[in-house]
Amino acid sequence: MATYIVLLGPPGVGKGTQARILSETKKLAHISSGDLFRENIKNQTELGKVVKSYLDKGELVPDDVTIAMIRDRLSRPDCEAGAILDGFPRTPAQAEALEAMLKDFKGSVDAVPYITAAENVLIERASGRWTCKANGHIYHEKFNPPKQAGICDIDGSEVYQREDDKAETVSKRIHVYLEQTMPLVDHYRKAGKLVEVDGTLAVDQVTKTLFDKLKK
Ligand code: AMP
């Protein structure tokens, strides 16, 4: 049976970094809804045009658009063994839709690592974050700078600061998260799937805690 892991946590907590590590270790596809939206915006697709203003403002893209995109992504062959979901679901309606679609793929949500940190830490993390243009690899100007300034260590592409990682938009995204995504924490806790991890630790320590807790 396929394995599906949902990463939950506020913007800037390190979900993307941990999702990449989990995906490589567990050999499961990494599906980041934010990366998919940004790719569509960069390629100026119809979807990209529809979602751009939401991302710029730090608001959530409407559920129907987001759910359709994820359904399409999960039905591709590289997701046959399952996937690490990073940034989806973000609303109760999305969580419900995910459960329904995973039934079609003969699976269900297996575990939900919930990575947390205080708001000041999140703002510092997100506003110092640099992302590579080609593949979304993540750096931090203070905690994890690229070896050569401005260049991704992995693929050599340029690194840039996401428009929505500027301090003001980060606060807005945290607010949106508290209002719309927090109910999912309770939902998955009641379902016995929540795995809580302290996101203020260093990256490798967060990874270690995450893997130890997932084993249990
Ligand atoms: P992220 O890269 O996960 O921080 O997402 C960046 C932006 O993409 C968010 O601020 C939203 O505008 C949009 N987005 C990503 N995932 C979702 C989702 N599951 N539902 C709605 N909007 C989303």
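Computed from a predicted model, the values in this text were never measured in an experiment. (Residues numbered from 1 in each chain as written. Predicted model: local features only at pLDDT ≥ 70, side-chain atom pairs only at ≥ 80, totals over all residues. Heavy atoms only, no water.)

**Describing the side chain of aspartate 165**
To be explicit about the condition: Helical segments are the DSSP runs of H or I of at least four residues, strand segments are the runs of E of at least two, and each set is numbered from the N terminus. Only protein chains enter the area calculation, which uses a 1.4 Å probe; residues under 20% of their type maximum are buried, those over 50% are exposed, and those in between are partly exposed. A 3.5 Å cut-off defines polar contacts: any pair of N or O atoms within that distance qualifies, except that in protein one atom must be a possible hydrogen donor and the other a possible acceptor, and neighbouring residues in sequence count only when both atoms are side-chain atoms. By definition in these notes, contact holds between two residues if any of their heavy atoms fall within 4.5 Å.
Mapping aspartate 165 onto the fold places it in the loop between strand E7 (159-160) and helix H7 (167-190). The class for aspartate 165 is buried, based on a relative accessible area of 0%. A polar contact is formed between the side chain of aspartate 165 and the side chain of arginine 173, at a distance of 3.0 Å. When near neighbours in sequence (up to four residues on either side) are disregarded, aspartate 165 contacts Ala126, Ser127, Arg129, Val170 and Arg173.

**Examining H7**
Applied cut-off: Multiplying 1.5 Å by the residue count of a helix minus one yields the expected span of that helix. Think of it this way: the bend at a residue is just the angle between two axes, each fitted to seven residues, one set ending at that residue and the other starting at it.
Relative to the 34 Å expected for 24 residues at 1.5 Å per residue, H7 spans 34 Å between its end C-alpha atoms, a close match to the ideal helical length. The sharpest bend along H7 reaches about 45° and sits at threonine 181, with the proline proline 183 one to four residues further on. Buried positions along H7 lie against helix H3 (46-57), helix H5 (92-104), strand E4 (109-116), helix H6 (119-127), strand E5 (129-132) and strand E8 (194-198). One or two positions beyond H7, positive phi appears at glycine 192, with a value near 75°.

By themselves, these figures tell us nothing about what the structure is for.
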